Amino acid sequence: LWQRLRLPLRVQLVSGRLDVYHSPDFVLPPVGRTPTVLTVHDLSYLRYPEFFVPAFRTYLQGAVSRAVRRADHVLADSQSTRRDLEELLGVATAKISVLYPGVEDRFRAVEDQEALSRVRARYGLPERFVLGVGTLQPRKNFEGLVTAFGRLLATQPELAELGLVIGGGKGWLAEDLLALAEHHGVRGRVVVAGFVDDADLPALYTLAAALAFPSWYEGFGLPILEAMACGTPVVSADNSSLPEVVADAGLLVDAGSPEELAQAMAVLLLDEGLRARLIAAGHRQARRFTWQQAARQLLGVYRSADNSAVQKG
């Protein structure tokens, strides 16, 4: 009601008095003089407008810009998003804090064979597969992943039994991935698993031989760290925030080059020494991102916002 109809009703009518108001998802309701903190996860609608339905893009352009101007402090999920806020929306550096998400403790290699078997049966998973995770929308570049997978099987006969599993709910502007797999001659090796229950994700990562994450743009890219925490080696696109997330614990490729992605997947699947090194590095990288650390930093932001309001009187 606040954002769609622009009703000028303060949130305090519902909540009562507030010391600080934090909106964790892009937009702010009217809050009067109460200090505000706003989380902006990414600016994909500005970086890649072609991936958005025009009406939704127009809404975001207005609503997010208004919220950013009104907010006393803005939280970004990554240094990449911070730079985008500065460049695309003109937000002052001092007004932004980077607050990295964390990896939940439940993301670890699943050793319960019965649990693994249940997840394999539930989603029709092949014996060995590369995993792609995310909402089925153009920004995730699953089309590029399917194309790269076709080239991988065409050039690496020893991987002929490999499968590709894509897990995620259907989003906007999604292409027919199975038709594309048919075009590349790998229809029988591709499983579009649909929405994956959150409780099944650790087992899904554990079963995967590798995670491929060729997205065109991400505000952070949490599935990369979840996979690493489960002992799954990762190949990722080298754009936006993804090098921050991957660091030296995975392989980075050009999202626009299926050839490069196919080559990286081949190396990741066939070079056992490299796999072992990346799995170990992935565990170390995932441990750097904790919700406890995020919570401590967030509490500091709240206290700072509240103290600033007190000082202003």
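This is a predicted model, so every value here is computed, not measured.

> Go over the overall build of the protein, please, and point to the residues and values.
Each helix and strand counted, the protein has 14 helices and 10 strands in total. Computed over C-alpha atoms, the radius of gyration of the protein comes to 21 Å, within 12% of the 20 Å expected from 2.2 N^0.38 for 313 residues, which places it in the range of a compact globule. Counting only C-alpha atoms and orienting by the principal axes, one finds that the protein spans roughly 70 × 40 × 35 Å. Here the contacts in the protein between residues at least 6 apart in sequence split such that 66% fall between residues at least 24 apart.

> Any details on the pattern of salt bridges? Residues and values, ideally.
A full pass over the atoms with the stated rule returns 10 salt bridges. In this structure, Arg106 engages Glu104 in a salt bridge whose closest nitrogen and oxygen atoms are separated by 3.1 Å. Arg106 gets classed as partly exposed once you look at its relative accessible area, which sits at 30%. What makes Glu104 partly exposed here is its relative accessible area of 38%. The network of salt bridges with common partners includes Arg47, Asp84 and Glu87.

> Hey, could you go over helix H7 (residues 142-155) for me, with residue numbers and the actual values?
Across its 14 residues, H7 extends 20 Å between first and last C-alpha, which sits within 8% of the 20 Å expected from 1.5 Å per residue. Among the 14 residues that make up H7, 11 are buried, leaving the element largely enclosed by the rest of the structure. The complete set of buried residues in H7 reads Phe142, Glu143, Gly144, Leu145, Val146, Thr147, Ala148, Phe149, Gly150, Leu152 and Leu153. In this fold, the buried residues of H7 make contact with strand E5 (129-133), strand E6 (163-167), helix H8 (177-183), strand E7 (190-194), strand E8 (210-213) and helix H12 (258-270).

> Before we move on, could you go through the pairing of strand E9 (residues 234-237) and cite the residues and values that matter?
Side-chain positions along a regular strand alternate between the two faces of the sheet. Of the pairings in the sheet, the one linking E8 to E9 comprises three bridges and is parallel in character. Residue pairing in the sheet places Ala212 in a bridge with Val235 of E9. After leaving E8, the chain enters helix H10 (residues 222-229) and then returns to the sheet as E9, a path that is right-handed.

> Could you give an account of the sheet that holds strand E4 (residues 96-98), naming the residues involved and the relevant values?
Spatial ordering of the open sheet is given by E1-E2-E3-E4, a layout of four strands whose pairing is parallel. Either end of the sheet is taken by a strand with one partner, and the two such strands are strand E1 (21-23) and E4. Adjacent strand axes in the sheet meet at a mean angle of 20°, parallel and antiparallel pairs treated alike. The sheet contact formed by strand E3 (residues 73-76) and E4 spans three bridges and is parallel. In the sheet register, Val74 faces E4, and the bridge partner there is Ile96. Across the sheet, helix H5 (residues 79-89) lies against strand E2 (36-40), E3 and E4, angled at about 165° from E4, the strand it touches most.

> Could you give me a rundown of the packing of H10 against helix H13 (residues 272-287), with the residues and numbers involved?
Look at H10 against H13: their axes get within 8 Å of each other, and the N-to-C directions meet at 125°. Considering the angle they form, H10 stands oblique to H13. Crossing handedness for the pair H10 and H13: left-handed. Within the contact between the two elements, H10 uses Leu225, Met228 and Ala229 and H13 uses Gly282, His283, Gln285 and Ala286. In terms of residue class, the contact of H10 with H13 is built from four nonpolar, three polar and no charged.

> So, the nonpolar core: which residues are in play, and what are the values?
Of all hydrophobic cores here, the largest spans 37 residues; its most connected members are Leu125, Phe129, Leu131, Tyr205, Leu211, Ile224 and Met228. Those residues in contact with Tyr205 that lie beyond four places of it in its chain are Phe107, Leu131, Val133, Leu211, Pro223, Glu226, Ala227, Cys230 and Thr232. In terms of nonpolar packing, the next biggest core, distinct from the first, is built from 32 residues, Ala209, Leu261, Leu269 and Leu278 among them.

> Describe the layout of surface pockets, with residues and values.
Estimated volume of the largest pocket: approximately 1,100 Å³. Looking at the largest pocket, it is lined by 47 residues, and the ones nearest its centre are His41, Asp77, Lys140, Glu218 and Leu222. Elements supplying a minimum of two residues to the lining of the largest pocket: helix H3 (44-47), helix H4 (54-70), helix H9 (201-207), H10 and helix H14 (291-312). Looking at the lining of the largest pocket residue by residue, the classes come out as 26 nonpolar, 12 polar and nine charged.

> Could you give me a rundown of the environment of Thr39, with the residues and numbers involved?
In this structure, Thr39 sits in strand E2. Distance in space between the C-alpha atoms of Thr39 and Pro24 is 4.8 Å, their sequence separation being 15 residues. Excluding its chain neighbours within four sequence positions, the residues that come into contact with Thr39 are His22, Ser23, Pro24, Asp25, Phe26, Leu75 and Asp77.

Conventions used here
Residues numbered from 1 in each chain as written. Predicted model: local features only at pLDDT ≥ 70, side-chain atom pairs only at ≥ 80, totals over all residues. Heavy atoms only, no water. Helix = DSSP H or I, 4+ residues; strand = E, 2+ residues; numbered from the N terminus. Rg over C-alpha atoms; globule rule 2.2 N^0.38 Å. Contact = heavy atoms within 4.5 Å. Salt bridge = Lys/Arg side-chain N within 4 Å of Asp/Glu carboxyl O. Buried < 20%, exposed > 50% of the residue type's maximum accessible area, 1.4 Å probe, protein only. Expected span 1.5 Å × (residues − 1). Pairing = 2+ DSSP bridges. Right-handed = clockwise from strand over helix to strand, strands pointing away. Axes fitted to C-alpha atoms, helices over the stretch in contact; angles between N-to-C directions. Parallel < 35°, antiparallel > 145°, perpendicular 65-115°, else oblique. Left-handed = near helix turned anticlockwise from the far one by under 90°. Nonpolar A, V, L, I, M, F, W, Y, C, P; charged D, E, K, R; others polar. Core = buried A, V, L, I, M, F, W, Y, C linked by side-chain atoms within 4.5 Å. 1 Å grid on protein atoms, 1.4 Å probe; cavity = no way out; pocket = protein on both sides within 12 Å on 5 of 7 lines; lining within 4 Å. Points joined across faces, edges and corners; volume = space filled by probe spheres on them.

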